[in-house]
Amino acid sequence: MATLQYRITFPRAAAVLLAVPLLAASCRAPHARPPESEAGAARGLEDIRQRKYVFAHYMPGYSHPAHPHMRFSNPYVARTRSRESGAQYREAPLFASDWFKEGHAVFTNRRDFIRWEIRTARDAGIDGFMFDYGAGYSGAQNRSNRPDRVHCFIEMGIFDDFFSVAEAEFPDFKLLLCVDQATIRKPSRRTDTINQFLDRYGKSPNGLQYDGKLLLTSYRASALPPYDFQGCQGAPAGYIFENTRQVIASWGDVFAGLHQPVALIADLPPAWLYAKLWNFTDADCRRFFDLWARPFAGLSVFGPLDTPEEQRRIYTMMNDACRKHGKLFGPCVAQGWRRNNLDQRVFMHDAELMLESWKLALELDPGMVQIVTWNDYGEQTDIAPSINHGYALLELNAYFIERFKTGRPPELEKDSIILAYKRYPGRPEPTDFPDTAEPWYPLSENLHVITLARAPAQLVVEGYGTRPVEPGLQNHRFPLQTGPVSAVLVRDGRTAASVNGLSPVVEQPYREMLGTCWISSSFRERFRRDAGFEFDPGHPAFTDLNTNGVADWVELIRPDRKVIPADGAGT
């Protein structure tokens, strides 16, 4: 039996959503069936489809610098794993982090930060957060590198603060539990985890009802011990389907022990897996999705690792299965995914994946869309305001969210320009930076200038040329070249919008910065509104550990500045 030569490890949220586990035949036992009500589910589905929800996946504790993923992404916080540091610049939140010195923080307490997060998400048209909730109770088995999950959401009171703020001030903003099987290894632990949430927040008006039940989502619903992904590589379809039935049946045991009825959207493996690791034909895929769609409220998929072509193939079939059974489908919109660990599918896009995944979502016209993610800075899938892309991704998503909900292009109130580009051409040589992950999906060698224009205009990109601009959204591609990056939108001889990139494009990489650099023409205005002061990239308020009068993050993105090593020693 042929086996594809991929070495796979198991990253967290935005990673591989794998896989159908293997259960020994001797361990099989009768299971309760998952709750099912076709007529009621159809009514619940119609309510949601008419509303058209957009949810952003929310990771635990990422507003806190002590969180491991924050330590991995911020070069000026002590780390526990050297591989996540060195010369790599990835991502960090724009606010509520130690990029601001004490005394300059925009938000002085967690509830103020939560108010800002919810308000910022709502302004973009996002209807709620799906809290990634893994091992959700004290004593639960966690991966050794993230015991903080127990503390961040429950013991530190983050859930309490979120629900308290939302119930008092944002009654229409939904807060959903996303059960993360990556850290829950047994059905009994799933039951306990969900019950803990239900006992505290199951009656909250900020929950979302589906067929009279509280709607929950999941991450990697197909995971169940023994945790054996490699064993399914190249396995016959019949072998995979038999184990799939066991996994689905085990969810009946989970539901049977819950303190109140729930409706679950089952998250399935990503689009790239079916053909490349399972050798599934389209007929196998349709059968697989049909099997999952029957007993659950709907299906979803985390897709930051999928190409637009892979998404189109799998999402279409998954959407068809959901429509056939009157269930909900929640496709993924993402900008890509990045981890530094070796031997994983490393996947970073420029503007293309976000634009193409939204285009597909509009074509499928599902009842909901999930954005992966709101704040997963460590894996660089975040759309919340950040050091690396400011407000640009929020602005881009706001355009598509309004179009998704209204069915027509938005009427723009003002002109805007978004820049998205790599900081240097090509990919670093392995001798420059330790990065041997395969297969590698590189960023394109283009400067993307996305225009959101109220009326026809001219786009002038310094050093690249001039192009006509049509009303609405357009993605203008230019072959990437070295030097500063700036663009101006001109109409009737006047400047309608302008933007300057914070980082130039340099000929040779001086640091491994594999993600896309984004900035929009509205960045400074939005920054002033949120922070209460003008944006100055070199101001030491953004943390100046070496006290040279230049903000540390500017030293990270500028080749003409020296950088403090991750350990804080030297120059």
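Analysis parameters
- Residue positions are given per chain, counted from 1 along the sequence in the order it is written.
- Residue-level local features of this predicted model are given only where pLDDT is at least 70; pairs of side-chain atoms are given and counted only at 80 or more, and the full residue set underlies all totals for whole chains, interfaces and linings.
- Hydrogen atoms and water are omitted, and side-chain values are computed over all heavy atoms in the structure.
- Strands here mean DSSP runs of E at least two residues long; helices mean DSSP runs of H or I at least four residues long; both are numbered from the N terminus.
- Burial here depends on accessible area, computed with a 1.4 Å probe over protein chains only, as a share of the maximum for the residue type. Under 20% is buried, over 50% is exposed, and the range in between is partly exposed.
- When checking whether two residues touch, look at their non-hydrogen atoms; a contact exists if any pair is within 4.5 Å.
- For every accessible area listed, the method is Shrake-Rupley and the probe measures 1.4 Å; residues are considered covered only by the protein chains on display.
- Helix axes are fitted to C-alpha atoms over the stretch in contact, other axes to C-alpha atoms as well, and angles between N-to-C directions run from 0 to 180 degrees.
- Should an angle fall under 35 degrees it is called roughly parallel, over 145 degrees roughly antiparallel, and 65 to 115 degrees roughly perpendicular, with every other angle called oblique.
- Handedness of each helix crossing follows the sense of rotation of the near helix against the far helix: counterclockwise by less than a right angle gives left-handed, clockwise gives right-handed.
- Two strands form a pair only when DSSP identifies at least two bridges running between them.
- The salt bridge criterion pairs a side-chain nitrogen of Lys or Arg with a carboxyl oxygen of Asp or Glu, the two atoms within 4 Å.
- Note on ring pairs: Phe, Tyr and Trp rings are taken, using the six-membered ring of Trp, and paired if centres are within 6.5 Å. Classes follow the plane angle, with under 30 degrees stacked, over 60 edge-to-face and the rest tilted.
- Here a polar contact is recorded for every N or O atom pair within 3.5 Å, except that within protein the pair must consist of a potential hydrogen donor and a potential acceptor, and residues adjacent in sequence are included only if both atoms are side-chain atoms.
- The span expected for a helix works out to 1.5 Å for each residue beyond the first.
- pLDDT runs from 0 to 100 and stands for how confident the predictor is about each residue.
- Among the buried residues, those of types Ala, Val, Leu, Ile, Met, Phe, Trp, Tyr and Cys that are joined through side-chain atoms within 4.5 Å form a nonpolar core.

**What about the overall build of the protein?**
So, point 1. Helices and strands together make up the secondary structure of the protein, namely 14 helices and 21 strands.
So, point 2. Out of the 571 residues in the protein, the part that is buried amounts to 61%.
So, point 3. By sequence separation, contacts in the protein at least 24 residues apart represent 77% of the contacts at least 6 residues apart.
So, point 4. Just so you have it, the protein exposes about 21,000 Å², and 50% of that area is on carbon and sulfur atoms.

**Considering the packing of helix H10 (residues 308-324) against helix H11 (residues 351-364)**
The axes of two packed helices give the description: the angle between them and the distance between them.
So, point 1. In contact at an axis separation of 11 Å, H10 and H11 are set at 25° when each is read in the N-to-C sense. In terms of orientation, H10 and H11 fall into the roughly parallel class. Crossing geometry of H10 relative to H11 is assigned as right-handed. Across the interface between the two elements, Pro308, Gln311, Arg312, Tyr315, Thr316, Asn319 and Arg323 of H10 pack against Leu353, Glu356, Ser357, Leu360, Glu363 and Leu364 of H11.

**Observations regarding the sheet that holds strand E19 (residues 486-491)**
So, point 1. Within the open sheet, the four strands sit side by side as E17-E16-E19-E20. Their pairing is antiparallel. Each edge of the open sheet carries a strand with a single partner, namely strand E17 (465-469) and strand E20 (494-500). On average, adjacent strands in this sheet sit at an angle of 20° to one another, irrespective of strand direction.
So, point 2. Relative to E17, strand E16 (residues 457-461) runs antiparallel, the two being bridged by five bridges. Bridging from a neighbouring strand, Leu459 pairs with Arg467 of E17.

**Quick notes on the pattern of salt bridges**
Side chains that carry opposite charge are capable of pairing whenever their charged atoms lie near each other.
So, point 1. Applying the stated rule across the entire model yields 22 salt bridges.
So, point 2. For the salt bridge of Asp211 with Lys213, the shortest nitrogen-to-oxygen distance reads 2.9 Å.
So, point 3. In this structure Lys213 comes out as buried when scored by relative accessible area, which is 16%.
So, point 4. Arg294 is the salt-bridge partner of Asp290, the closest N and O atoms lying 3.2 Å from each other.

**Observations regarding the packing of aromatic side chains**
So, point 1. For the structure shown, the criterion picks out 42 aromatic pairs.
So, point 2. With centroids separated by 5.4 Å and ring planes inclined at 70°, the aromatic side chains of Phe159 and Tyr201 adopt a geometry described as edge-to-face. Note that Phe159 is positioned in helix H5 (residues 158-169) and Tyr201 in helix H6 (residues 187-201), a separation of 42 residues in sequence.
So, point 3. What makes Phe159 buried here is its relative accessible area of 0%.
So, point 4. Ring pairing ties together the aromatic residues Tyr58, Phe129, Phe131, Phe159, Phe162, Phe163, Phe173, Phe197, Tyr201 and Trp374, which thus form one cluster.

**Considering the environment of Gly298**
So, point 1. As for its position among the elements, Gly298 is in strand E7 (residues 298-301).
So, point 2. When the C-alpha positions of Gly298 and Met318 are compared, they lie 9.7 Å apart, and in sequence the two are 20 residues distant.

**What to know about the sheet that holds strand E15 (residues 446-453)**
For sheets, the rule is that strands pair by backbone hydrogen bonds, running either parallel or antiparallel.
So, point 1. The sheet built from four strands is open, its strands ordered E18-E15-E13-E21 with antiparallel pairing. Of all strands in the sheet, those bounded by a partner on one side alone are strand E18 (472-479) and strand E21 (517-520). On average, adjacent strands in this sheet sit at an angle of 15° to one another, irrespective of strand direction.
So, point 2. Here E15 pairs with E18 via eight bridges, running antiparallel. Of the residues in E18, the one forming a bridge with Leu447 is Phe478.

**Side note on the environment of Arg477**
So, point 1. Counting through the fold element by element, Arg477 comes out in strand E18.
So, point 2. Judged by relative accessible area, which is 37%, Arg477 ranks as partly exposed.
So, point 3. Separated by 29 residues in the primary sequence, Arg477 and His448 have C-alpha atoms spaced 4.8 Å apart.
So, point 4. The residues touching Arg477, leaving out its near neighbours within four places in the chain, are Glu352, Asn446, Leu447, His448 and Arg467.
So, point 5. Here Glu352 takes part through its side chain, which lies 2.6 Å from a polar atom of the side chain of Arg477.

**Let's talk about helix H3 (residues 110-123)**
So, point 1. Its 14 residues give H3 an end-to-end C-alpha distance of 20 Å, which sits within 8% of 20 Å, the value for a rise of 1.5 Å per residue.
So, point 2. Looking at the packing, one finds that the buried side of H3 touches strand E1 (53-58), strand E2 (128-133), H5, helix H12 (392-406) and helix H13 (523-531).
So, point 3. For H3, the N-terminal cap is Asn109; the gap from its side-chain oxygen to the backbone nitrogen of Arg111 is 3.1 Å.
So, point 4. Among the residues trailing H3, Gly125 stands out with phi positive, at a value near 95°.

**Points about the packing of H6 against helix H7 (residues 237-256)**
So, point 1. Orientation of H6 relative to H7, taken along the N-to-C sense of each, is 40°, at an axis distance of 8 Å. With respect to their mutual orientation, H6 and H7 come out oblique. H6 and H7 meet at a crossing whose hand is right-handed. Every residue of H7 that contacts H6 at Pro187, Arg190, Thr191 and Ile194 is listed here: Ser250, Trp251, Asp253 and Val254.

**A short note on the confidence of the model for the protein**
So, point 1. Here the protein shows a mean pLDDT of 77. Residues at 70 or above account for 69%.
So, point 2. Predicted confidence for residues 1-31 stays below pLDDT 50, and this span has 123 contacts to residues more than four positions away or in other chains.
So, point 3. Overall, residues 98-103 carries pLDDT values under 50, and its contacts beyond four positions in sequence, including any with other chains, amount to 27 contacts.

**Regarding the pairing of strand E5 (residues 213-219)**
Sheet faces and side chains relate simply in a regular strand, where the side chains alternate between the two faces.
So, point 1. Burial analysis of E5 places seven of its seven residues in the buried class, the great majority of the element.
So, point 2. Two elements, strand E3 (residues 174-180) and E5, share three bridges in a ladder whose sense is parallel. Residue pairing in the sheet places Cys178 in a bridge with Thr217 of E5.
So, point 3. Alignment of strand E4 (residues 209-210) against E5, held across two bridges, turns out to be antiparallel. Across the sheet, Gln209 pairs through a bridge with Leu214, a residue of E5.
So, point 4. Once E4 ends, the chain turns through two residues before running back antiparallel as E5, passing Asp211 with a positive phi of about 55°.
So, point 5. Sheet topology note: the E5/strand E6 (residues 262-268) ladder contains four bridges and is parallel. Within E6, the residue paired with Leu215 across the bridge is Ala263.

**Looking at the nonpolar core**
So, point 1. Within the largest apolar cluster, 152 residues are counted, with the highest numbers of intra-cluster contacts made by Phe129, Tyr274, Phe289, Trp292, Trp358 and Trp374.
So, point 2. The element best represented in this core is H12, accounting for eight residues.
So, point 3. Among all residues touching Phe289, those that are not within four sequence positions of it are Leu268, Tyr274, Leu299, Ile314, Met317, Met318 and Ala321.

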